[in-house]
Every structure is written in structure tokens, then in C-alpha cells.
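What follows is the residue order along each chain.
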Amino acid sequence: MPVGSRLSVRLADFGSRSLVTHALMGIGFVGAVVSGLFVEGDIGVISMVAFINFTAGLWISQSIHSLGNAATDDEYNGVLMEVLNRVS
């Protein structure tokens, strides 16, 4: 029996973690666009920059994490292939 919750067992696979990270990056980018277009004044600018910084931080983290995974024998071929494998 694996140790941890069902969520931690699901996220043990690098592809699942990659999908979650990319989804969070997408949400952060959409938040930046929405706050930049629809929130007026300094609050809109500050929130847009904060969302962009959050998205950039996730992107850097995912890039470093992918480099670490490249040294393993895991059959990860990128997030698009993960999505295609899960859909088909």
C-alpha cells in the first residue's frame, strides 16, 4: 500500500505534475490578461505584473524540473504528448 494520499500518489508521475504545472501557468497567464485589460488604474497594472511574475516563476520551475527528469529513464515526451496520451 503506497504511503500518502491519493493525490500524492497521482502526482508521483512526472507527466501528471507537468500537466498540473502547465494548467497553473495557463491560469496565471489568463489572470494577467484579464487584469491588464479589465482592471483600471494602478491595481490593474500591479495585479497584471504579479500574475506575469507568478507564471514566469512556474515556467522556470517547470524547466528546471524537466531538466532533472531528463536524467531518469522516464518516458516523458512533453506536455502535449501527455495530453494526447490521456485523451486517446
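We now turn to the structure provided with this report. (Residues numbered from 1 in each chain as written. Predicted model: local features only at pLDDT ≥ 70, side-chain atom pairs only at ≥ 80, totals over all residues. Heavy atoms only, no water.)

## Digging into the overall build of the protein
Part 1 of the reasoning: Tallying secondary structure elements over the protein gives 4 helices and 0 strands in all.
Part 2 of the reasoning: Looking at the protein as a whole, 22% of its 88 residues are labelled buried.
Part 3 of the reasoning: Long-range contacts, defined as pairs at least 24 residues apart, comprise 64% of the intrachain contacts of the protein with a sequence gap of at least 6.
Part 4 of the reasoning: If you sum the accessible surface of the protein, you get close to 6,600 Å²; carbon and sulfur atoms cover 70% of it. (Helix = DSSP H or I, 4+ residues; strand = E, 2+ residues; numbered from the N terminus. Buried < 20%, exposed > 50% of the residue type's maximum accessible area, 1.4 Å probe, protein only. Contact = heavy atoms within 4.5 Å. Areas by Shrake-Rupley, 256 points an atom, 1.4 Å probe, with all protein chains shown as cover.)

## With respect to helix 2 (residues 14–38)
Part 1 of the reasoning: Here helix 2 contains 25 residues, and its C-alpha end-to-end distance of 36 Å stays within 8% of the 36 Å for a straight helix at 1.5 Å per residue.
Part 2 of the reasoning: Three or more residues of helix 2 are buried, namely Phe 14, Gly 15, Ser 16, Ser 18, Thr 21, Met 25, Gly 28, Gly 31, Ala 32 and Ser 35. (Expected span 1.5 Å × (residues − 1).)

## Looking at a nonpolar patch on the surface
Part 1 of the reasoning: Taken together, Phe 29, Val 30, Val 33, Val 34, Leu 37, Phe 38, Val 39 and Ile 43 make up a surface patch of nonpolar side chains, about 800 Å² in accessible area.
Part 2 of the reasoning: The element best represented in the nonpolar patch is helix 2, accounting for 6 residues.
Part 3 of the reasoning: Structurally, Leu 37 is set in helix 2. (Patch = residues over 30% accessible without salt bridge, like charges linked within 9 Å, V, L, I, M, F, W, Y side chains within 5 Å. Salt bridge = Lys/Arg side-chain N within 4 Å of Asp/Glu carboxyl O.)

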